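A look at the structure
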Amino acid sequence: MALIDRLVIESFHCFDKLVVEGLTRINLVVGKNNSGKTTLLRYVAASRGTSGGTTEFMDSAVPNAQSLERLFLEPMGWGLRAYADEAVGIVDGRVGSVAAANETDRIRPAEIVARIRGSYRRFPVTSLGDGTIRILGIALACKNARGGVLLIDSLENGLHCSVMPRFWRFLVKTARELNVQVFATTHSKDLLESLSILHGESPELAQDVSVHRLTIGVDKTFRLSASEVGLALDTGMDPRGWE
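Figured I'd write up the structure that's included with this text. Starting from 1, residues in each chain are numbered consecutively following that chain's sequence as written. For this predicted model, a pLDDT threshold of at least 70 governs which residues receive local features, and a threshold of 80 or more governs which side-chain atom pairs are given and counted, while totals over whole chains, interfaces and linings are taken from all residues. Side-chain calculation: all heavy atoms of the structure are included, whereas hydrogens and water are not.

The next subject is the sheet that holds strand β11 (residues 222–225). Two strands form a pair only when DSSP identifies at least two bridges running between them. Working definition: helices are DSSP H or I runs of at least four residues, strands are E runs of at least two. Numbering for both runs from the N terminus. The strand order β4-β8-β9-β3-β10-β11 describes an open sheet built from six strands, whose pairing is mixed. Of all strands in the sheet, those with a lone pairing partner are β4 (55–58) and β11, marking the two edges. For this sheet, the mean angle separating the axes of adjacent strands, direction not counted, is 20 degrees. Here strand β8 (residues 149–152) runs beside strand β9 (residues 181–185); their pairing, made up of four bridges, is parallel. Each bridged residue has a counterpart across the sheet, and for valine 149 the counterpart in β9 is glutamine 181. The sheet contacts of helix α5 (residues 164–177) involve β3 (26–30), β9 and β10 (209–213), and relative to β3 the element is tilted by about 130 degrees. Helix axes are fitted only over the stretch in contact, all axes being lines through C-alpha atoms; the angle between N-to-C directions runs from 0 to 180 degrees. Any two residues having at least one pair of non-hydrogen atoms within 4.5 Å are treated as being in contact.

Right, dumping it as structure tokens:
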């Protein structure tokens, strides 16, 4: 799939007109309440519906057992399962793999279970913390959106600031390898600070991320690269445009 590099939104919900330019592999949408962040995701979903292609939408909630089951049981080879295994270890390195306990059982629902490294003991993945479940849900949604678009509302939900740099690294690499373009919203300054950390450690990964700031009443977003986010933070400016 060729990446979407520009959006022109006209007469869609709260937008009379909005132009979004300089889109990249991963696009983080920021702005104050009611600036239209989630509406922008809905526009992308609607436009993809008319043009074709795979689109996955994740809302702001941490996935429940049923959501994980749906995402996990979509056709997936062992190579793709490696993404799920890596995802559950981002928060807690002791967790080594996930599987469906009743995957071949057509009567009982397939419970998604996790396993501690070096142990055969399995337990429901939903017993893990919200951060691990959220990252697993994003990994599985990215897998299902392979060759298409993944839309995520409130990307930071459930994530502690200490895991965000590792999460950024995982998200960029996974999106690249599966040829997925990501549009996500956030209110989190921690998420932007961790993006700056990623740029300092791995600029070749951070170049695939851009930030697009919405301002109420303005018909064009303000774009920042990962390096510009870092510069803004270093000078005491808030890249979200908040006072």
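To continue, consider the pairing of β9. Three exposure classes are used, based on accessible area relative to the maximum for each residue type with a 1.4 Å probe and protein chains only: buried under 20%, partly exposed in between, and exposed over 50%. The buried fraction of β9 is high, at five of five residues. Burial along β9 is two-sided: Gln181, Phe183 and Thr185 facing one way and Val182 and Ala184 facing the other are all buried. Of the pairings in the sheet, the one linking β3 to β9 comprises four bridges and is parallel in character. Bridge pairing links leucine 28 to alanine 184 in β9. When the strands point away from the viewer and the connection leading from the first strand across the helix to the second strand turns clockwise, the crossover is called right-handed. Following the backbone out of β8, through α5 and into the adjacent parallel β9, one traces a crossover that is right-handed.

Each salt bridge in this description consists of a side-chain nitrogen of Lys or Arg and a carboxyl oxygen of Asp or Glu lying within 4 Å of one another. Taken as a whole, this structure holds six salt bridges when the rule is applied. Between aspartate 238 and arginine 240 there is a salt bridge, with the nearest N and O atoms lying 2.6 Å from each other. Through salt bridges that share partners, Arg6, Glu21 and Lys220 make up one connected network.

Turning our attention to the packing of helix α4 (residues 130–144) against α5. Running from N to C, α4 and α5 point in directions that differ by 10 degrees, and their axes come no closer than 10 Å. In terms of their interaxial angle, α4 and α5 are classed as roughly parallel. Along the contact surface, α4 presents Ile135, Ile138, Ala139 and Cys142, while α5 presents Phe167, Phe170, Leu171, Thr174 and Ala175. Here the nonpolar group is Ala, Val, Leu, Ile, Met, Phe, Trp, Tyr, Cys and Pro; Asp, Glu, Lys and Arg are the charged ones; every other residue, Gly included, is treated as polar. When grouped by side-chain class, the residues that make up the contact of α4 with α5 number eight nonpolar, one polar and no charged. In these notes the angle categories are as follows: under 35 degrees is roughly parallel, over 145 is roughly antiparallel, 65 to 115 is roughly perpendicular, and the rest is oblique.

Shape is all these values report; function is a separate question.
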